[in-house]
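# A look at the structure
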Amino acid sequence: MRRLCFFCAAILALAVAHPAAARAVDQPPRVLGFERFHAAETDTAAGELVAGGQLLLGELNCTSCHAADASFAAAIQKKQAPVLDSVTSRVKPEYLLKFLADPQAAKPSTTMPNVLAGMPEEERRPIVDALVHFLATTGTVEHTNPMRQHVSRGEKLFHSIGCVACHDPRTEPPAAALATSLPLGTPSRKYTLPGLTAFLANPLAVRPSGRMPHLNLTPADARDIASFLLNDLEIASGLQYAYYEGTWDKLPDFSKLTPKATGDASAFDLSVSPRKENFALRFDGTILIDKEGEYLFLIGSDDGSRLLIDDKVVIDNDGIHPFQQKRKKVKMTAGIHTVAVEYFEQGGEEVLQVDFEGPGAPQLPLASLVVATKSPGTAVLPERFVVDATLASKGKDYFVSLGCASCHTLRKDGAPIASTKTAPDLAALKASGGCLADAPSKSPWYALGARQREALAAAIGAAKVPAADIATDVSVARMLVRFNCTACHDRDKLGGVEEARNVHFQSDMPEMGDEGRIPPTLTGVGAKLNPEWLKTVFAEGAKDRPYMFTRMPRFGVENVGGLIEGLAAADAALIQAEPKLDIDSTDKRHKAVGRRLVGAQGFSCIKCHTFADKRSTGIQALSLTTMTKRLRRDWFHAYLKNPPGYRPGTRMPTPFPNGETTLPDILGGSVDLQTRAIWDYLADGDQGILPIGLVTGEIELMAFDEAVLYRNFIEGAGTRAIGVGYPAKLNLAFDANEMRLAMIWHGAFIDAAKHWTGRGAGWEKPLGDSVQQLPAGVPFAALASANDPWPSTPAKENGYRFRGYRLGDKREPTFLYSFGNVAVSDYSRPVGESEYFVFERKLQLTAADPPKNLQMRVATGKIEPVKDNVYRIDDRLTVHLSGDAKAVIRGQGDTAELLVPVTFTDGTASVTITYDW
Amino acid sequence: MKYAACWLLLLVTTAPAFGQAKADPEDEYYRLLRFPMNEQMVLEAGALELMPDGKLAVATRRGDIYLVDEPLAEDPTSANFSLYASGLHEVLGLAWRAPWLYCVQRGEVTRMKDEDGDGRADLFETVSDGWEINGDYHEYAFGSKFDRDGNLWVTLCLTGSFSSEVKYRGWCLRITPDGKVIPTCSGIRSPGGVGMNDRGDMFYTDNQGPWNGTSALKWLRPGKFVGHPGGFRWYDVTDGAIGPRPREPQSGSRMMVEAKKIPELEPPAVYFPYNKMGQSASGIVCDLSDGKFGPFANQLFVGDQTHSTVMRVFLEQVDGHYQGVCFPFRKGFGSGTLSLLQASDGSLLVGGTNRGWGSRGSQPYSLDRLVWTGKKPFEIHEMRAKPDGFELTFTEPIDPKTAADPKSYSLNTYTYLYQAAYGSPEVDPTTPTITKVNVAADGRSVRLFVDKLQEGHVHELAAEGIRSATGQPLLHAQAYYTLNYIPKQ
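Values in this document were obtained by computation on a predicted structure and should not be read as measured data. (Residues numbered from 1 in each chain as written. Chains lettered and ligands numbered in written order. Predicted model: local features only at pLDDT ≥ 70, side-chain atom pairs only at ≥ 80, totals over all residues.)

## A word on the overall build of chain A
Along chain A, the regular secondary structure elements total 27 helices and 33 strands. Its C-alpha atoms put chain A at 115 × 75 × 50 Å along the principal axes. Counting only residues that meet the buried cut, chain A has 45% of its 917 residues in that class. (Helix = DSSP H or I, 4+ residues; strand = E, 2+ residues; numbered from the N terminus. Buried ≥ 20, exposed ≤ 12 C-beta atoms within 10 Å, placed from the backbone.)

## Overview of the overall build of chain B
Across its full length, chain B holds three helices and 33 strands. Rg of the C-alpha trace for chain B: 23 Å, near the compact-globule value of 23 Å for 489 residues, within the 12% margin. Expressed as lengths along the three principal axes of its C-alpha atoms, the size of chain B is roughly 70 × 65 × 45 Å. When the 489 residues of chain B are sorted by exposure, 56% land in the buried category. Sequence-distant contacts, at least 24 apart, represent 59% of the contacts inside chain B between residues at least 6 apart. (Rg over C-alpha atoms; globule rule 2.2 N^0.38 Å. Contact = placed C-beta atoms within 7 Å.)

## Remarks on the sheet that holds strand E3 (residues 279-289) of chain A
Residue and element names in this part refer to chain A. If you walk across this open sheet you meet the six strands as E2-E1-E3-E8-E5-E6, and the pairing is antiparallel. Each end of this open sheet is capped by a strand with a single partner; those strands are strand E2 (261-264) and strand E6 (312-317). Direction aside, neighbouring strands of the sheet carry axes that sit 15 degrees apart on average. Taken together, the four bridges between strand E1 (residues 239-245) and E2 define a ladder with antiparallel strand orientation. (Pairing = 2+ DSSP bridges. Axes fitted to C-alpha atoms, helices over the stretch in contact; angles between N-to-C directions.)

## Brief notes about the nonpolar core
In terms of nonpolar packing, the biggest core is built from 202 residues, with Ala57(B), Val58(B), Val154(B) and Tyr481(B) touching the most fellow members. In this structure Ala57(B) touches Leu48(B), Glu49(B), Met51(B), Ile65(B), Leu67(B), Tyr84(B), Leu94(B) and Leu101(B), once residues within four positions along its chain are discounted. Judged by nonpolar contacts, the second largest core, of 102 residues, contains Leu157(A), Phe199(A), Ala236(A) and Leu429(A). (Core = buried A, V, L, I, M, F, W, Y, C linked by C-beta atoms within 7 Å.)

## Considering the packing of helix H10 (residues 193-201) of chain A against helix H12 (residues 219-229) of chain A
Residue and element names in this part refer to chain A. The N-to-C vectors of H10 and H12 enclose an angle of 130 degrees; their axes lie 8 Å apart at closest approach. With respect to each other, H10 and H12 are oriented oblique. In this structure, H10 meets H12 at a crossing whose hand is right-handed. Residues Leu 193, Leu 196, Thr 197, Leu 200 and Ala 201 of H10 form the contact with H12, whose participating residues are Pro 219, Ala 222, Arg 223, Ile 225, Ala 226, Ser 227 and Leu 229. (Parallel < 35°, antiparallel > 145°, perpendicular 65-115°, else oblique. Left-handed = near helix turned anticlockwise from the far one by under 90°.)

## Considerations on the interface of chain A and chain B
Interface size is commonly expressed as the accessible surface area that is lost when the partners come together. Opposite the 50 residues of chain A that make contact, chain B presents 44 residues. For the side of chain A that touches chain B, the secondary structure elements donating two or more residues are helix H22 (588-598), strand E16 (708-714), strand E17 (718-725) and strand E23 (800-807) of chain A. A breakdown of the residues in the side of chain A that touches chain B according to their chemical character gives 24 nonpolar, 14 polar and 12 charged. Sheet topology note: the E23(A)/strand E9 (residues 123-128) of chain B ladder contains three bridges and is antiparallel. In the strand pairing of E9(B), Tyr805(A) is matched with Phe124(B). (Nonpolar A, V, L, I, M, F, W, Y, C, P; charged D, E, K, R; others polar.)

## Some details on H10(A)
Judged by how many residues are buried, H10(A) sits mostly within the fold: seven of nine residues are covered. Contacts made by the buried residues of H10(A) are with helix H11 (203-206) and H12 of chain A.

Read these as layout, nothing more, since geometry by itself doesn't imply function.
Structure, rendered in structure tokens:
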């Protein structure tokens, strides 16, 4: 990549030296709407050619020199050139030297003309020098290098939030360049990271005409997209990961393991792991603490994790557990510190989240403190550009006299510099020569294509006669093309997402299909959205569809405000009069009916739509609370009668099929009254009382006189868990995939709400207390030698089969499974009295031909003998073993194993274990 | 004033939430009887089966199995429910084979019986767990009744309905009487039900999504690939049971273009056009009552969860492939139609739920019985493809004048993108001309000559103008024929 850039730079140097040679390959200025809708040679309709030419007149900013009458100027909405007030605080002067010497060579397809094109090199060079020295008085650039984590996040943002609606995707290998994309070239030649970040954070400040809209980027978004666009600079990384595979009950000693993979990480998260089970990670990085003070660190994980700062354990969150967060306050000195995060996951859900809170600051991901150790990189910085005051003063004169100031605003001492350059009025122009000449001359050189010249000539010709009034729908269409709205939206068959870009429009709700990922059609939008809302969208942008990655950017009311009236007028005929209803919209009983209709016992809108920040029980469609602020009420009445009529193929069910309500008993079955009740209820927005059925409470399962079974996804016991709650308030979970007693706990059994409401997504964890995890892996194994490791592969691969269970008089299960020719019955029951119960577990094994050296692994962890056949496990659980067999503690420390030999007599054997905790 | 009156109506009529369904023209022919529901018994009916003693077993998404005494009693409001089993994992298949009740849970096929005779099952045996689940709620497993060889067929939804993260997601397996697994078809996306036709061939419904332009009824022809390539990796573990892994379909193509390139690809027998017929196809049952359920013997009845309907399907075989037509049949079920079963008296038992997916039927769960009144509706009985058009037969004699008029019919066609993206709009539309209509001498059928048929398209017919001999319009004038193959004769 760097080599390539060097090569480009070499070409550039040549191009500057031999401008005539470069002329032959100049790319015409790229105007996206022209390329998409007017460039085809076959498009010969005269009116269309004029329209294409008028588009160019605006986009090439012709009327800044060639004055047009006010109504014409208003119709073409010229694209103002960039504001240069502080141009060299974002753009490198070195780049400006090249760019002003030959704009088309430095930035192919630029709309900036070469005003010096007709001049020989020796005359041009000093002028360019002077201009750049003048421009360089507006500020100085800062150089910093992008960070790896910012680049990778920026890459995702660039390709998802809508940048690629107008620009080519920047993928490896590069996608084919589209004629309808604005080329970005190699931004690092022009911008520094702080400079591009500032531009992206508010493009309207520099380019006020809204062709590059404001995407409502957070400062971090802007930095990250800029980092990605500058990813040919040396990248700094302050965070590395190492990835390990294996099965652990607690964090392993990483120093003794060999990682399966290592690399730069962008955050303390699990995105670097290809697996979801049986893996571990260690992150190592450096963080910069700006100011001394007390910092709160938070580490949350499922399963275990640990945070180390400057090689000392700060938070220990080890062990197998559901998501559990621990926090600690630490006094930090200002400066660089090393940080390490260790993590492992055995089974079930997996989460890692590491955050911090600085003094008086909100909680943020710890990754945001990560800095590169060798910032800003080892690359040699360009020498700082030194302004020569004499040259700058000359440059200012050129800026005024050459017409730079005709197009560019540059404020000095508060006032814009005025241009002294004059040019004929638009209406007086000939439709050839001058700027339209096909070779450089004294006029500004745009490198226009033949089709562009033809269109401009047609538009200039048409400008000589008073323009006929343009129909509203035509002027609306032209605005949509001018601002490239048509890159994302279609309207009456105009525009829409191009096939080549379609793949970059994505959502996190794939089930919603195109509705979830493609911005909505603008067909009929003037009859749909209320004008106040449109104004808000133009002024602020919008993000009402949280599932859609593409954002509606901010174009500025001053730029696109004309669409508000235009769309309303163009679509006026589509407005259907709403029914006349004699009702009091503020009546609380009326709103209550609306609430009922929206809820689970009504039309179940909440099964798909969110309600402000409350998630729906199914997909997460557009919030119901946005409806009345966005939509016209008459449209809402019409739409609910026929959603597919407005959105062909919509997943929105029809509440009123064939014009009849499916709830005939409410409000006399009146479709209009029902619709209005919904509207009036929703008008309360997020102040409304929550719809019925949106928030469901706990569904606690309780054992009274019989055991209760619950087969589902239970955290810690697998996808085929069988939970059992006993009346004695002891509970267990058996893993029917691994044939192991996985967990035991006290008190409340389980809350079934997660699985018994909505679609039932997620894992449920025990509802009670002191949950004890029992050993992972198969319960029995034949070990040929005392040193053989316990099998760590899945039970099915070890010949185990789950056979089912038999329920006793009180519905308590005896689990049945087998391995080899051994059949096992595994029965647990609470024993004890009043408040104090323990589990007694009896395992019966039968086999015609029993395996030799069969062992049962009863416990793993720190194992201490208490007395004969009694062991304390991890200071949390006591197991009693009955019978004659002598148990063995194998291994030591935190990874010991308690093994019991299983001895068969007449084809049967038994093990009895009591768990007391 | 008017408003106050409405209020009164609301209060009076909504108190008993479980009344009879509203009067509907369909009521005259097929009556809906609604079993009472309550909050204590959450009857999200995932599967239905009749027990040898005549009781109805209803398995729920919460994992309970209830038995209904006298399910065929005229007055369902006095039905008695008892709990037979509980604590199972989202049961979506029930089948009886003495002395066991088999159920399909998410993770396994289980058989159970009541050994101590207290009315509750106490022995649960795992028959097969030859597939895997990884904790995603969408990994549903739907089970069939027993086929002619005693096998149960299980269709396994993809992980999240998009990919196949663990073994056999996106496959149909047969489970033999001794618990062996026979990999049977690949290409499943998100099934909604499994059922046999009168010949014992097995079908399932799949739902709109990736590689499924709209919901469809598909033939589970052993060895075939039925559309979604997400589960292809598991060919590696089948030991060649159904041959090698097929080539990947080309996204954005059309089903019949790909079917010509991929010999294993079996096109859907019947598409259910989105929003027109339904949005979520579900349970399947064949009318084997020999007339007790009306004039549609041996036709298939298929639920739609979103529309809370039961649709009707007529199939024929062309070039060895099943294809055919769907018709609207009956709407108004209490909740989202999911499970279907035909009772011994011919009536249909229909279970419903709308948890997680909304439905027109506004009850959260339901059990309804659909009974033929004995009065024949005037309907298109069968629709068959011909080389140059279609043949329609009717349930009642037709008026030759309206039947012979091409203007009594309108016909348009379209197909769907066969693509990796979610769903598809209707594409490649055509409007063929009905050039001629011949009415049969017996006045029971017509022959439509069409210029021209479109291979691979849904042919959407509306016979609005036709009248019966007694002047009646059709109860349902729409028919949607999936013409994958144009018969040569």
